[in-house]
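The lines below spell out each chain.
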Amino acid sequence: MELLRFATAGSVDDGKSTLIGRLLYDSKQIFEDTLEALEHTTMLRGEEGMNLALLTDGLRAEREQGITIDVAYRYFATPRRKFIIADTPGHVQYTRNMVTGASTADMALILVDARKGIIEQSRRHAFLASLLGVPHLVLCINKMDLVDYDQEVFERIKAEFKEFAAKLDVRDLQFIPMSALNGDNVVDRSANMPWYEGTSLLHLLEEVHIASDRNLIDCRFPVQYVIRPRDDKHHDYRGYAGQVASGSYKVGDDVVVLPSGFTSTIASIDTADGPVEEAVPPMSVTIRLTDNLDVSRGDMICRPNNQPHISQDVEAMLCWFGERAQLQPGVKYALKQTSKWARALVKDLHYRLDVNTLHRDEDATSLSLNEIGRVTLRTTAPLFSDDYRRNRATGSFILVDEASNDTVAAGMIV
Amino acid sequence: MQRIISHLDALESESIHLLREVAAEFERPVLLFSGGKDSVVMLHLAKKAFWPARLPFPVMHVDTGHNFPEVITFRDSSVARLDVNLVVASVQESIDAGRVVEETGPNASRNRLQTTTLLDAIEQHNFDAVMGGARRDEEKARAKERFFSFRDEFGQWDPKNQRPEIWSLYNGRHRKGEHIRVFPLSNWTELDIWQYIADEEIELPPIYYAHRREVFRRDGMLMAVTDFLQPGDGEEVFEATVRYRTVGDATCTAAVASTASSIEDVITEVAASRITERGATRADDKFSEAAMEDRKREGYF
Ligand SMILES: Nc1nc2c(ncn2[C@@H]2O[C@H](COP(=O)(O)OP(=O)(O)O)[C@@H](O)[C@H]2O)c(=O)[nH]1
Ligand SMILES: [Mg+2]
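Because the structure is predicted, anything quoted here is derived from the model rather than measured. (Residues numbered from 1 in each chain as written. Chains lettered and ligands numbered in written order. Predicted model: local features only at pLDDT ≥ 70, side-chain atom pairs only at ≥ 80, totals over all residues. Heavy atoms only, no water.)

## Describing the interface of chain A and chain B
Spelled out, the test is: Two residues form a contact once any of their heavy atoms are found within 4.5 Å. Accessible area that two parts lose when put together, with a 1.4 Å probe and added across both, is what the buried area reports. The rule for a salt bridge is simple: a side-chain nitrogen of Lys or Arg has to be within 4 Å of a carboxyl oxygen of Asp or Glu. Under the rule applied, a polar contact is a pair of N or O atoms within 3.5 Å (in protein, one hydrogen donor and one hydrogen acceptor; residues adjacent in sequence only if both atoms are side-chain atoms). Throughout, the ten residues Ala, Val, Leu, Ile, Met, Phe, Trp, Tyr, Cys and Pro are labelled nonpolar, Asp, Glu, Lys and Arg are labelled charged, and all others, Gly among them, are labelled polar.
Each side of the interface is counted separately: chain A has 85 residues, and chain B has 62 residues. Summing both sides of the interface, chain A and chain B together bury roughly 6,200 Å²; the carbon and sulfur share of this comes to 53%. Counting across the chain A and chain B interface gives nine salt bridges. Taking the shortest distance from any N to any O, the salt bridge between K48 of chain B and D273 of chain A comes out at 2.9 Å. Summed over the shared surface of chain A and chain B, the number is 32 residue pairs in polar contact (both at pLDDT 80 or more). When its residues are assigned to classes, the side of chain A that touches chain B shows 37 nonpolar, 28 polar and 20 charged.

Shown next, in the form of structure tokens:
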């Protein structure tokens, strides 16, 4: 069974949590004791029926305020696939938690309230999903029950969003009219919207093709850990453990180790279950080479004829998450990329992006919480990287404040 | 070529990646091992992550002194078979040292006292990363956990102010006295765990499979009669065929009526179950809606 990760996005009250509750409920994945607790809490709150949003809003503060503050992960499976859902918050204030949920997603569902149409948060989240390279985007036009299931409303919102999305880099974009509350087009196609010819959301989740979203071309293996047993039985064993970031590795392949540039050949690809002939993402394996080289954590095993950029100068888009401090040129941070830590100096902020209009403000001198900008960094050691658009695993990094240890930015190399 | 990776292979890879990150980035990591199924799977994954080398960190059991004897026997045989170092942190010693006070009354449990014992042990051994087998599908507060979860110098979790965790770039930086809890099984569900146990032929304590046992009914749950838990007035003792879905303190972990005596039976049962594993078996979560969140804030597993 294949695994699909998806994230919900959209503004507050557009129905994200309700939609997830509906998916779980209709696919019979909610347990009875959870349902009882849900009915009980709904009643205590003086509401009627069952508030499906309470399924994911698990923190006391979230229930008290009736909002989603942090990502909640939920799981369900159908006979076809297993799903990991990240239910993300809609408030601008918690954008960083939306980015957390979307960063590993195969698909993003952006909810829109049919009565309100496309608003700033819809654009912001669509932009973030495209910036984060989420391969599949679905615009869920929700609360169709409140606009009499009117096709014109759907078509108008769809057209407006398409115009905006044309400016983004979205590979696969779909539109579904639905009512999360009533279940229209969530699990089954709705009889209330006979004019809609597409599939239900669940059908799409089960069928969307994701195996080819992986980069199987550029071989990138960040060395995570060196395995040296040093016991009698495995006295000379020296293996390089890691998770394949991209590409396909086979026994006998010629490889080059960065940064040393030494070349060798793959002697074996080991796992505790025995050797394998080939390793592809996201497999965690241990590679042994035919030559005795000096290889350590942070190095990268690649193919000689297809190497990443090797540079201390990094051009990137940055989402700023720091609450206590703004991003300012001249400041240094700790940077983590693949299995490597370095220090990074912010040399230049080229512009700040208005995510609503995509306008570039070139006079900007800083980035505050949840703002996005284009920067140049200089790092203490060369990074082995690819453009984020081509490779999510080697094109991404985080910045960490060296005093507070907070994660203050997500970076995407351009 | 498509090369579809199965969900269990994807989960295994993700967990192994996390375990290796911990070994690479921390000075004194420790893996919590109780003999319960999740920690057994976590230890199995850790052995695989570093194979053919030994585990580069010890395992620790927070022993309430109220465990099922079958589980302690299993713990000790596993540790010997897998050649790992075991640290035992004892709640009884915390009580004897006056660090905590034993609860009294019919529902007295050492469950909550474990937090102090755990935090004291972390401090005493200078552990900087503590790996636990908690899963996000277990409980709504756990659904909010990061893989790398920061704990301050008091061991506290601040769920409203968690570090963003983007891609698989984990930030384990902390100051002295603070530590990181790591949850390599975050994305596994109860059913994934059982399917993996079947696929990998992992051995478990026998009480996970159906057996005959003396039990009594309390708050709708089947509690075993043990040295630590006796029936109260009017609670009738009877023999039943039961098994355990979770294994914790004998005073607050209930059995479920079940005839599932093989791994295949268990998988069928779990797949058809309409009640969550904690809801079916844990008295400790029933006190309030936010019981788990409150315990976790204080530093619980
Ligand atoms: N009428 C109607 N109400 C909905 C629908 N989906 C969600 N709602 C309501 O909108 C409110 C906000 O939903 P919630 O799921 O908490 O939104 P979130 O903030 O995006 O997670 C709740 O009162 C829901 O019951 C829908 O399809 N139709
Ligand atoms: Mg919500």
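What follows continues from the structure just given.
## Focus on the packing of aromatic side chains
Residues and elements named next belong to chain A. Worth spelling out the cut-off: Within 6.5 Å between ring centres, the rings of Phe, Tyr and Trp (the latter by its six-membered ring) count as paired, and their orientation is classed by plane angle as stacked under 30 degrees, edge-to-face over 60, tilted in between. Helix and strand assignments come from DSSP, with helices taken as H or I runs of at least 4 residues and strands as E runs of at least 2, each series counted from the N terminus. For every residue, the accessible area (1.4 Å probe, protein chains only) is compared with the maximum for its type, and the residue is labelled buried under 20%, exposed over 50%, or partly exposed between those bounds.
Per the stated rule, a full pass over the model turns up 20 aromatic pairs over all chains. Centre to centre, the rings of F221 and Y249 are 6.0 Å apart; their planes meet at 65 degrees, and the pair counts as edge-to-face. Here F221 is found in strand β7 (residues 221–222), whereas its partner Y249 is found in strand β10 (residues 249–250), with 28 residues between them in sequence. An identical accessibility class is assigned to F221 and Y249; each is buried.

## Quick look at the pairing of strand β21 (residues 396–400) of chain A
Residues and elements named next belong to chain A. As a reminder, the rule being used: When DSSP finds at least two bridges between two strands, those strands are taken to pair.
Counting buried positions along β21 yields five of five residues, so the element is predominantly enclosed. Alternating residues of β21 divide into S396, I398 and V400 and F397 and L399, and every residue in both groups is buried. With three bridges connecting them, strand β17 (residues 332–337) and β21 associate as antiparallel partners. Directly across from A334, in β21, lies its bridge partner V400. Sheet analysis places β21 next to strand β22 (residues 407–413), joined by five bridges and oriented antiparallel.

## A short note on the domain arrangement of chain B
Residues and elements named next belong to chain B. Defined as follows: Residue ranges for the domains trace back to a domain assignment, done automatically or taken from a database.
We note that the domain assignment places domain 1 (7–191 + 290–298) and domain 2 (204–285) within chain B. The gap between the C-alpha centroids of domain 1 and domain 2 is 23 Å. Every contact between the two is made by 28 residues of domain 1 and, on the other side, 28 residues of domain 2. Surface buried jointly by domain 1 and domain 2 totals about 2,300 Å² across both partners, of which 56% is contributed by carbon and sulfur atoms. When residues of domain 1 are sorted by the area they lose upon contact with domain 2, H66, F68 and E190 head the list and together hold 29% of the total.

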